[in-house]
Amino acid sequence: MTQDIHVKSMLLAPIGTRCYLVYSGRDAIVIDPASSPGLIIENAALANVVVKAILLTHGHFDHIGAAKDIADKYGVPVYIGRADVAMLTNPLLNASLACGMMPVSVSVPTVGVDDGDKLTICGTNVVVISTPGHTAGSVCYLIGDCLFTGDTYFAHDCYGRTDLPTGDADELDRSLEKLSQYVSKYKVYPGH
């Protein structure tokens, strides 16, 4: 992914989460597979790409629901902010129970990431930017000229809620201040 980066956006149920298929050549990354694994796999096939990794911006149910199916299909790891790893298998922490959903538990090979980590996936650097507040382990990913912000930063300066487990409004304010140096320089791809 050192050349032209392509981004395919998919709007997924149950609450309109944006999942992204990011690719250059035949290698791809899936960001925030909320649900609908068949649709994600179909889009990868249509783009003629193979998924090499899954990146999660945080551990809420509406961003992780299809991670296991995608990881199993392609035999790839899931990357998530280290402080959110426990959310993958805990329906109380990932808010699936609090929001009246079926309990979500995603047991997959997981890599915890931290601020400043540089991952080499598909031939390019993926820079991890820690942005706690929406959850304790919320992260954004910088890939080429694209910034994937999850629920830390939406379009028009809106941002995710902080009233669910591990949310912290003061932390989110600090994270938004940190992100201010990026949002005018990169294409922003939010979680909703």
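Residues numbered from 1 in each chain as written. Predicted model: local features only at pLDDT ≥ 70, side-chain atom pairs only at ≥ 80, totals over all residues. Heavy atoms only, no water.

Q: I'd like a rundown of helix α3 (residues 67–74), residues and numbers included.
A: Buried residues of α3: A67, I70 and A71, and no others. Buried residues along α3 cover an arc of 100° about the axis, so they all sit on one side. Those residues of α3 hidden inside the fold are in contact with β3 (27–31), α1 (37–46), β4 (50–55), α2 (61–64) and β5 (78–81). G75 occupies a position one or two residues after α3 and carries a positive phi of about 65°. (Buried < 20%, exposed > 50% of the residue type's maximum accessible area, 1.4 Å probe, protein only. Helix = DSSP H or I, 4+ residues; strand = E, 2+ residues; numbered from the N terminus. Arc of directions from axis to C-beta. Contact = heavy atoms within 4.5 Å.)

Q: Before we move on, could you go through the packing of aromatic side chains and cite the residues and values that matter?
A: Here the structure, examined in full by the defined rule, presents four aromatic pairs. Considering the side-chain rings of Y20 and Y189, the 5.4 Å spacing of their centres and the 75° angle between planes classify their relative orientation as edge-to-face. In this pair, Y20 sits in strand β2 (residues 17–24) while Y189 sits in strand β11 (residues 187–190), placing the two residues 169 residues apart along the sequence. For the pair shown, Y20 and Y189 are each scored as buried. Put simply, the rings of Y20, F148 and Y189 touch in pairs and so form one group of aromatic residues. (Phe/Tyr/Trp six-rings, centres within 6.5 Å; stacked < 30°, edge-to-face > 60°.)

Q: Break down the packing of α1 against α3 for me, citing the residues and quoting the values.
A: For the pair α1 and α3, interaxial distance at closest approach is 9 Å and the crossing angle is 40°. As judged from the angle between their axes, α1 and α3 are oblique. At the point where α1 passes α3, the crossing takes the right-handed sense. Each of P37, I40, I41 and A44 in α1 lies in contact with α3, whose residues at this interface are D69, I70, K73 and Y74. Here the residues of the contact of α1 with α3 sort into six nonpolar, no polar and two charged. (Axes fitted to C-alpha atoms, helices over the stretch in contact; angles between N-to-C directions. Parallel < 35°, antiparallel > 145°, perpendicular 65-115°, else oblique. Left-handed = near helix turned anticlockwise from the far one by under 90°. Nonpolar A, V, L, I, M, F, W, Y, C, P; charged D, E, K, R; others polar.)

This is a description of form; function is not addressed.
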